[in-house]
Amino acid sequence: MEEKLYEAFEQMSEREAEQLNQTLEGIADGSKASHSTRSRIRQLTMKKAGIHTNNRYAKAHSRRLVATVAAAALLIVGGGGAAAAGIIFTNRESIDTEFGDGAAQVLEEKGAVANIMSENEHFRVTADMITSDGVQSELFCTLIPLDEKAVSYITNESGDLLGGMPDLSVCYADDEDSQPIPIGGGANLQNYNETIEIGTPIVLRADIPLDEVDSSRKLKLCLSAMLDDEELMDGIEIEFNLNESLQEAVFESEDGSLLKLTPVTMSFSLDKQDVQIDHPESESLRVSYEKSDGSVTEEELLTNIISVDYDGESYTYVVKMESVIEPDDYTTVIITDISGNVIAKYSLSENA
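Because the structure is a prediction, the values reported are computed rather than measured.

What follows covers the pairing of strand 17 (residues 330–337). Across the eight residues of strand 17, six count as buried, placing the element largely inside the fold. Pairing analysis gives seven bridges linking strand 13 (residues 285–291) to strand 17, with the strands arranged antiparallel. Paired with Glu 290 across the bridge in strand 17 is Thr 332.

So, in C-alpha coordinates, the structure goes:
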(Lines give C-alpha, C1' and ligand atoms only; values in the text may rest on other atoms or scores of the structure.)
Protein backbone atom coordinates (compact mmCIF):
# COMPACT_ATOMS: atom_id res chain seq x y z
CA MET A 1 0.00 0.00 0.00
CA GLU A 2 2.82 2.43 0.92
CA GLU A 3 4.39 2.03 -2.53
CA LYS A 4 1.18 3.12 -4.25
CA LEU A 5 0.92 6.10 -1.91
CA TYR A 6 4.47 7.28 -2.62
CA GLU A 7 3.88 6.89 -6.38
CA ALA A 8 0.80 9.09 -6.02
CA PHE A 9 2.76 11.77 -4.13
CA GLU A 10 5.46 11.81 -6.79
CA GLN A 11 2.78 12.96 -9.27
CA MET A 12 1.09 15.38 -6.89
CA SER A 13 0.82 19.00 -7.96
CA GLU A 14 1.86 21.85 -5.71
CA ARG A 15 -1.81 22.82 -5.19
CA GLU A 16 -2.76 19.28 -4.19
CA ALA A 17 0.20 19.16 -1.84
CA GLU A 18 -0.93 22.42 -0.24
CA GLN A 19 -4.44 21.06 0.28
CA LEU A 20 -3.09 17.92 1.91
CA ASN A 21 -0.75 19.98 4.06
CA GLN A 22 -3.71 22.03 5.30
CA THR A 23 -5.62 18.84 6.04
CA LEU A 24 -2.74 17.53 8.10
CA GLU A 25 -2.83 20.79 10.05
CA GLY A 26 0.82 20.56 10.87
CA ILE A 27 0.47 17.08 12.33
CA ALA A 28 3.30 14.65 11.57
CA ASP A 29 2.16 12.12 14.18
CA GLY A 30 -1.07 10.40 13.15
CA SER A 31 -1.89 9.34 16.72
CA LYS A 32 -2.64 12.99 17.53
CA ALA A 33 -5.08 13.48 14.66
CA SER A 34 -8.80 13.44 15.32
CA HIS A 35 -11.03 10.76 13.84
CA SER A 36 -12.49 13.20 11.30
CA THR A 37 -9.02 14.36 10.23
CA ARG A 38 -7.81 10.78 9.79
CA SER A 39 -10.93 10.01 7.73
CA ARG A 40 -10.33 12.96 5.41
CA ILE A 41 -6.69 11.99 4.89
CA ARG A 42 -7.65 8.37 4.32
CA GLN A 43 -10.28 9.21 1.71
CA LEU A 44 -8.03 11.65 -0.14
CA THR A 45 -4.98 9.40 -0.26
CA MET A 46 -6.84 6.19 -1.12
CA LYS A 47 -8.52 7.95 -4.03
CA LYS A 48 -5.31 9.58 -5.22
CA ALA A 49 -3.35 6.31 -5.06
CA GLY A 50 -6.10 4.23 -6.66
CA ILE A 51 -6.32 1.91 -3.66
CA HIS A 52 -9.61 0.08 -3.27
CA THR A 53 -10.21 -1.59 0.07
CA ASN A 54 -12.99 -2.19 2.53
CA ASN A 55 -13.75 0.46 5.15
CA ARG A 56 -13.03 -1.87 8.05
CA TYR A 57 -9.48 -2.45 6.80
CA ALA A 58 -8.94 1.26 6.20
CA LYS A 59 -10.08 2.20 9.69
CA ALA A 60 -7.87 -0.41 11.29
CA HIS A 61 -4.84 1.01 9.46
CA SER A 62 -5.69 4.70 9.57
CA ARG A 63 -2.99 5.71 12.05
CA ARG A 64 -0.29 3.89 10.11
CA LEU A 65 -1.65 5.44 6.92
CA VAL A 66 -1.54 8.95 8.37
CA ALA A 67 2.09 8.38 9.43
CA THR A 68 2.95 7.21 5.91
CA VAL A 69 1.15 10.19 4.40
CA ALA A 70 2.97 12.59 6.71
CA ALA A 71 6.35 11.12 5.86
CA ALA A 72 5.71 11.59 2.15
CA ALA A 73 3.74 14.82 2.05
CA LEU A 74 4.31 17.08 5.06
CA LEU A 75 6.41 20.18 4.36
CA ILE A 76 6.51 19.67 0.59
CA VAL A 77 4.65 22.89 -0.17
CA GLY A 78 6.74 25.50 -1.94
CA GLY A 79 9.21 23.05 -3.46
CA GLY A 80 7.31 22.21 -6.63
CA GLY A 81 5.57 19.15 -5.21
CA ALA A 82 6.70 15.89 -3.68
CA ALA A 83 9.00 14.87 -6.52
CA ALA A 84 11.04 18.06 -6.15
CA ALA A 85 11.33 17.83 -2.37
CA GLY A 86 12.34 14.19 -1.90
CA ILE A 87 11.72 12.16 1.24
CA ILE A 88 12.02 13.79 4.66
CA PHE A 89 12.41 12.36 8.15
CA THR A 90 9.19 11.47 9.92
CA ASN A 91 10.85 12.57 13.17
CA ARG A 92 12.98 15.55 12.17
CA GLU A 93 13.25 16.75 15.78
CA SER A 94 14.95 13.50 16.77
CA ILE A 95 17.73 13.99 14.22
CA ASP A 96 18.21 17.61 15.30
CA THR A 97 18.36 16.47 18.94
CA GLU A 98 21.23 14.10 18.09
CA PHE A 99 23.23 16.35 15.75
CA GLY A 100 22.08 19.94 16.26
CA ASP A 101 19.61 22.31 14.65
CA GLY A 102 19.35 21.92 10.89
CA ALA A 103 20.95 18.46 10.84
CA ALA A 104 17.78 16.77 9.57
CA GLN A 105 17.68 18.89 6.43
CA VAL A 106 21.38 18.28 5.69
CA LEU A 107 21.00 14.50 6.11
CA GLU A 108 17.82 14.47 4.00
CA GLU A 109 19.81 16.03 1.18
CA LYS A 110 22.36 13.23 1.58
CA GLY A 111 19.64 10.59 1.19
CA ALA A 112 20.07 9.30 4.73
CA VAL A 113 16.35 8.87 5.51
CA ALA A 114 15.18 5.39 6.54
CA ASN A 115 11.72 5.99 8.08
CA ILE A 116 11.10 2.30 8.92
CA MET A 117 8.19 2.13 11.36
CA SER A 118 6.69 -0.49 13.65
CA GLU A 119 4.03 -0.07 16.31
CA ASN A 120 1.49 -1.71 18.56
CA GLU A 121 -1.25 -0.13 20.66
CA HIS A 122 1.25 1.11 23.27
CA PHE A 123 4.39 2.21 21.39
CA ARG A 124 5.51 3.38 17.97
CA VAL A 125 9.15 3.01 16.90
CA THR A 126 10.72 4.50 13.79
CA ALA A 127 14.24 3.79 12.55
CA ASP A 128 14.96 7.31 11.31
CA MET A 129 18.47 6.75 9.98
CA ILE A 130 20.90 3.82 9.57
CA THR A 131 24.64 4.47 9.29
CA SER A 132 27.75 2.30 9.10
CA ASP A 133 31.46 3.07 9.12
CA GLY A 134 32.79 -0.43 8.59
CA VAL A 135 33.32 -0.99 12.31
CA GLN A 136 29.90 -0.41 13.75
CA SER A 137 26.43 0.38 12.49
CA GLU A 138 24.15 2.84 14.23
CA LEU A 139 20.37 2.93 14.11
CA PHE A 140 19.01 6.30 15.15
CA CYS A 141 15.43 5.68 16.23
CA THR A 142 12.45 7.43 17.80
CA LEU A 143 10.28 5.70 20.42
CA ILE A 144 6.86 7.28 21.08
CA PRO A 145 4.53 6.15 23.89
CA LEU A 146 0.95 6.07 22.62
CA ASP A 147 -1.01 5.66 25.86
CA GLU A 148 -0.80 6.19 29.61
CA LYS A 149 0.16 2.56 30.20
CA ALA A 150 3.21 3.01 27.99
CA VAL A 151 4.19 6.24 29.72
CA SER A 152 3.94 4.77 33.21
CA TYR A 153 5.91 1.74 32.09
CA ILE A 154 9.03 3.65 31.02
CA THR A 155 8.98 6.42 33.64
CA ASN A 156 9.32 6.78 37.40
CA GLU A 157 6.83 8.42 39.75
CA SER A 158 8.10 11.87 38.77
CA GLY A 159 7.53 11.23 35.07
CA ASP A 160 11.25 10.92 34.29
CA LEU A 161 12.57 8.32 31.87
CA LEU A 162 13.88 5.14 33.49
CA GLY A 163 17.47 4.23 32.63
CA GLY A 164 18.07 1.22 30.40
CA MET A 165 14.63 1.26 28.72
CA PRO A 166 13.98 -0.46 26.43
CA ASP A 167 16.17 -3.56 26.02
CA LEU A 168 17.64 -3.75 22.49
CA SER A 169 18.70 -6.77 20.44
CA VAL A 170 19.03 -7.83 16.79
CA CYS A 171 18.46 -11.14 15.02
CA TYR A 172 18.31 -12.31 11.42
CA ALA A 173 15.01 -11.49 9.72
CA ASP A 174 15.19 -14.56 7.47
CA ASP A 175 15.60 -17.02 10.36
CA GLU A 176 12.86 -17.19 12.97
CA ASP A 177 15.02 -19.46 15.14
CA SER A 178 18.07 -17.18 15.25
CA GLN A 179 19.09 -16.18 18.74
CA PRO A 180 18.89 -12.46 19.64
CA ILE A 181 22.25 -10.69 19.69
CA PRO A 182 22.42 -8.11 22.53
CA ILE A 183 23.60 -4.70 21.39
CA GLY A 184 24.45 -1.39 22.99
CA GLY A 185 22.77 1.97 22.83
CA GLY A 186 20.07 3.81 24.71
CA ALA A 187 18.16 7.06 24.96
CA ASN A 188 19.56 10.52 24.32
CA LEU A 189 20.52 12.35 27.53
CA GLN A 190 18.10 15.16 26.67
CA ASN A 191 15.18 12.77 27.26
CA TYR A 192 16.29 12.29 30.87
CA ASN A 193 15.85 16.03 31.47
CA GLU A 194 12.21 16.27 30.43
CA THR A 195 8.86 14.93 31.58
CA ILE A 196 7.71 12.04 29.39
CA GLU A 197 4.08 12.21 28.26
CA ILE A 198 1.92 10.56 25.59
CA GLY A 199 3.46 11.48 22.26
CA THR A 200 6.85 12.58 23.66
CA PRO A 201 9.54 11.48 21.17
CA ILE A 202 12.31 9.51 22.86
CA VAL A 203 15.50 9.49 20.81
CA LEU A 204 17.22 6.08 20.77
CA ARG A 205 20.51 4.91 19.33
CA ALA A 206 21.16 1.21 18.70
CA ASP A 207 24.85 0.25 18.34
CA ILE A 208 25.57 -2.87 16.26
CA PRO A 209 29.19 -4.15 16.15
CA LEU A 210 29.70 -5.40 12.60
CA ASP A 211 32.06 -8.19 13.70
CA GLU A 212 29.14 -9.82 15.53
CA VAL A 213 26.63 -9.91 12.65
CA ASP A 214 26.55 -10.97 9.01
CA SER A 215 25.86 -7.58 7.46
CA SER A 216 24.96 -9.14 4.10
CA ARG A 217 21.77 -10.56 5.65
CA LYS A 218 18.62 -8.64 6.54
CA LEU A 219 18.48 -7.90 10.26
CA LYS A 220 15.63 -7.27 12.65
CA LEU A 221 15.83 -4.84 15.57
CA CYS A 222 13.71 -5.97 18.50
CA LEU A 223 12.69 -3.88 21.49
CA SER A 224 11.61 -5.66 24.61
CA ALA A 225 10.53 -4.71 28.09
CA MET A 226 12.73 -5.71 30.99
CA LEU A 227 9.92 -5.86 33.53
CA ASP A 228 6.88 -8.12 33.91
CA ASP A 229 4.55 -6.67 31.27
CA GLU A 230 6.34 -8.12 28.25
CA GLU A 231 3.30 -7.67 26.00
CA LEU A 232 3.72 -3.91 26.07
CA MET A 233 6.33 -4.16 23.32
CA ASP A 234 5.03 -7.25 21.55
CA GLY A 235 5.26 -6.94 17.78
CA ILE A 236 7.72 -4.02 17.80
CA GLU A 237 10.23 -5.08 15.14
CA ILE A 238 12.27 -3.09 12.63
CA GLU A 239 13.68 -4.94 9.60
CA PHE A 240 16.65 -3.30 7.89
CA ASN A 241 19.80 -3.81 5.81
CA LEU A 242 23.34 -2.67 6.59
CA ASN A 243 24.66 -2.78 3.02
CA GLU A 244 24.26 0.95 2.48
CA SER A 245 26.24 3.66 4.22
CA LEU A 246 26.66 7.39 4.22
CA GLN A 247 29.56 8.92 2.30
CA GLU A 248 32.84 8.34 4.10
CA ALA A 249 36.44 9.55 3.90
CA VAL A 250 39.33 7.22 4.78
CA PHE A 251 42.48 8.50 6.51
CA GLU A 252 45.72 6.61 7.08
CA SER A 253 48.55 6.99 9.59
CA GLU A 254 52.24 6.35 8.90
CA ASP A 255 51.97 2.85 10.37
CA GLY A 256 49.06 2.00 8.08
CA SER A 257 46.20 2.17 10.59
CA LEU A 258 42.97 3.68 9.29
CA LEU A 259 40.51 6.31 10.49
CA LYS A 260 37.09 6.64 8.86
CA LEU A 261 34.91 9.73 8.87
CA THR A 262 31.24 9.74 7.92
CA PRO A 263 28.97 12.78 8.25
CA VAL A 264 27.93 11.56 11.72
CA THR A 265 30.60 9.15 13.07
CA MET A 266 34.36 8.62 13.32
CA SER A 267 36.16 5.31 13.93
CA PHE A 268 39.86 4.56 14.49
CA SER A 269 42.22 2.22 16.34
CA LEU A 270 45.10 2.99 18.73
CA ASP A 271 47.82 0.61 19.86
CA LYS A 272 47.71 -0.42 23.50
CA GLN A 273 51.05 1.25 24.33
CA ASP A 274 49.77 4.55 22.90
CA VAL A 275 46.76 4.69 25.20
CA GLN A 276 48.38 5.41 28.56
CA ILE A 277 45.18 5.82 30.54
CA ASP A 278 43.38 3.61 33.03
CA HIS A 279 39.97 3.93 31.41
CA PRO A 280 40.23 4.12 27.58
CA GLU A 281 36.47 4.69 27.30
CA SER A 282 36.68 7.92 29.29
CA GLU A 283 36.95 11.37 27.70
CA SER A 284 40.76 11.44 27.99
CA LEU A 285 41.69 12.01 24.35
CA ARG A 286 41.69 15.16 22.27
CA VAL A 287 41.17 15.67 18.56
CA SER A 288 41.86 18.42 16.04
CA TYR A 289 41.33 18.60 12.28
CA GLU A 290 43.09 20.19 9.33
CA LYS A 291 40.72 21.21 6.56
CA SER A 292 41.13 21.37 2.81
CA ASP A 293 41.06 25.19 2.95
CA GLY A 294 44.20 25.15 5.14
CA SER A 295 42.48 26.00 8.41
CA VAL A 296 43.03 24.01 11.61
CA THR A 297 40.32 23.50 14.22
CA GLU A 298 40.95 24.05 17.90
CA GLU A 299 41.91 20.98 19.89
CA GLU A 300 38.90 19.62 21.75
CA LEU A 301 38.05 16.75 24.06
CA LEU A 302 36.93 13.62 22.24
CA THR A 303 33.40 13.25 23.58
CA ASN A 304 30.35 11.19 22.56
CA ILE A 305 32.33 7.94 22.55
CA ILE A 306 29.90 5.24 21.43
CA SER A 307 32.13 2.24 22.04
CA VAL A 308 35.69 1.12 22.77
CA ASP A 309 36.68 -2.45 21.84
CA TYR A 310 39.95 -4.06 22.96
CA ASP A 311 41.43 -7.09 21.20
CA GLY A 312 44.51 -7.49 23.40
CA GLU A 313 46.70 -5.29 21.22
CA SER A 314 44.70 -2.22 20.27
CA TYR A 315 41.63 -0.18 21.14
CA THR A 316 39.04 0.54 18.45
CA TYR A 317 36.97 3.67 19.02
CA VAL A 318 33.64 4.65 17.51
CA VAL A 319 32.65 8.26 18.17
CA LYS A 320 29.49 10.22 17.32
CA MET A 321 30.24 13.63 15.82
CA GLU A 322 28.89 16.70 17.62
CA SER A 323 27.22 17.87 14.40
CA VAL A 324 26.87 16.75 10.79
CA ILE A 325 30.11 17.23 8.84
CA GLU A 326 31.30 16.99 5.24
CA PRO A 327 34.05 14.31 5.33
CA ASP A 328 35.65 15.59 2.12
CA ASP A 329 36.35 18.93 3.82
CA TYR A 330 39.05 17.34 6.00
CA THR A 331 42.65 16.40 5.09
CA THR A 332 44.17 15.45 8.47
CA VAL A 333 42.91 14.18 11.83
CA ILE A 334 45.21 14.45 14.87
CA ILE A 335 44.60 12.48 18.09
CA THR A 336 46.47 13.66 21.21
CA ASP A 337 46.43 12.75 24.87
CA ILE A 338 45.11 15.11 27.50
CA SER A 339 48.58 16.68 27.84
CA GLY A 340 48.75 17.50 24.14
CA ASN A 341 51.16 14.76 23.09
CA VAL A 342 50.38 13.46 19.58
CA ILE A 343 49.26 9.81 19.69
CA ALA A 344 48.29 9.42 16.04
CA LYS A 345 48.11 11.58 12.93
CA TYR A 346 45.93 10.43 10.05
CA SER A 347 46.12 11.92 6.55
CA LEU A 348 43.52 11.55 3.81
CA SER A 349 44.30 8.30 2.04
CA GLU A 350 45.22 8.49 -1.64
CA ASN A 351 43.83 4.99 -2.06
CA ALA A 352 40.39 5.87 -0.63
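Following the structure, the description resumes.
Mapped onto the elements, Thr 155 comes out in the loop between helix 9 (148–154) and strand 4 (167–172). Taking the relative accessible area as the measure of exposure, Thr 155 reaches 9% and is therefore buried. Setting aside its immediate chain neighbours within four residues, Thr 155 contacts Asp 160, Leu 161, Leu 162 and Ile 196.

With that settled, the discussion passes to the nonpolar core. Burial of nonpolar side chains together is a common tendency in soluble globular proteins. Ranked by size, the top nonpolar core spans 33 residues in total, and within it Val 213, Leu 221, Leu 223 and Phe 240 carry the most contacts. For this core, the secondary structure elements donating two or more residues are strand 2 (123–132), strand 3 (136–145), helix 9, strand 4, strand 7 (202–209), strand 8 (219–224) and strand 9 (237–240). The next biggest cluster of nonpolar side chains, apart from the first, holds 22 residues, and it includes Ala 249, Phe 251, Phe 268 and Val 333.

On to the sheet that holds strand 2, then. Pairing within the open sheet is antiparallel, and its five strands lie in the order 1-2-3-7-6. What marks the edges here is a single partner per strand, and that holds for strand 1 (116–119) and strand 6 (184–187). Taking each pair of neighbouring strands and ignoring which way they run, the sheet shows an average axis angle of 20°. Pairing of strand 3 with strand 7, which is carried by eight bridges, proceeds in the antiparallel orientation.

In this section: a negative patch on the surface. Taken together, the side chains of Asp 211, Glu 212, Glu 252, Glu 254, Asp 255, Asp 271, Asp 309, Asp 311 and Glu 313 define an acidic patch exposed on the protein surface. Inspection of the secondary structure puts Glu 313 in the loop between strand 15 (305–310) and strand 16 (314–320). In this structure Glu 313 comes out as exposed when scored by relative accessible area, which is 63%.

Our focus in this paragraph is the sheet that holds strand 11 (residues 258–261). In spatial order, the strands read 14-13-17-18-10-11-12-16-15; together these nine strands make up an open sheet with antiparallel pairing. A strand with exactly one partner marks an edge of an open sheet, and here the two such strands are strand 14 (300–301) and strand 15. The sheet contact formed by strand 10 (residues 249–252) and strand 11 spans four bridges and is antiparallel. The residue bridging Phe 251 from the neighbouring strand is Leu 259, located in strand 11.

Attention now moves to the packing of aromatic side chains. One pair of aromatic rings is described through two measures. These are the centre distance and the angle between the planes. A full pass over the atoms with the stated rule returns five aromatic pairs. Between Tyr 289 and Tyr 330, the aromatic rings sit 5.2 Å apart at their centres with planes inclined by 65°, giving edge-to-face as the arrangement. Separated by 41 residues along the polypeptide, Tyr 289 in strand 13 and Tyr 330 in strand 17 bring together distant segments of the chain. Note on Tyr 289: relative accessible area 7%, which makes it buried. Judged by relative accessible area, which is 10%, Tyr 330 ranks as buried.

Take helix 7 (residues 92–99) next. Spacing of three or four residues puts side chains on the same side of an α-helix, whose turn is 3.6 residues. All of the buried residues along helix 7 are Ser 94, Ile 95, Glu 98 and Phe 99. Relative to the axis of helix 7, the buried residues are bounded by an arc of 110° and lie together on one face. As for helix 7, its buried residues are in contact with helix 8 (103–109), strand 2, strand 3, strand 7 and strand 16. Looking one or two residues past helix 7, Gly 100 carries a phi angle of roughly 100°, positive in sign.

Moving on to the confidence of the model for the chain. Confidence in the prediction for the chain averages 75 pLDDT; 69% of positions are at 70 or higher. Across residues 51–62, confidence stays below pLDDT 50; counting only partners more than four residues off in sequence or on other chains, it has 13 contacts. Scored below 50 in pLDDT, residues 73–85 shows 30 contacts in the model against residues more than four places distant or in partner chains.

Criteria and thresholds
Residues numbered from 1 in each chain as written. Predicted model: local features only at pLDDT ≥ 70, side-chain atom pairs only at ≥ 80, totals over all residues. Heavy atoms only, no water. Buried < 20%, exposed > 50% of the residue type's maximum accessible area, 1.4 Å probe, protein only. Helix = DSSP H or I, 4+ residues; strand = E, 2+ residues; numbered from the N terminus. Pairing = 2+ DSSP bridges. Contact = heavy atoms within 4.5 Å. Core = buried A, V, L, I, M, F, W, Y, C linked by side-chain atoms within 4.5 Å. Axes fitted to C-alpha atoms, helices over the stretch in contact; angles between N-to-C directions. Patch = residues over 30% accessible without salt bridge, like charges linked within 9 Å, V, L, I, M, F, W, Y side chains within 5 Å. Areas by Shrake-Rupley, 256 points an atom, 1.4 Å probe, with all protein chains shown as cover. Salt bridge = Lys/Arg side-chain N within 4 Å of Asp/Glu carboxyl O. Lys, Arg positive; Asp, Glu negative; His and termini not counted. Charge placed at Lys NZ, Arg CZ, Asp CG, Glu CD. Phe/Tyr/Trp six-rings, centres within 6.5 Å; stacked < 30°, edge-to-face > 60°. Arc of directions from axis to C-beta. pLDDT = per-residue confidence, 0-100.

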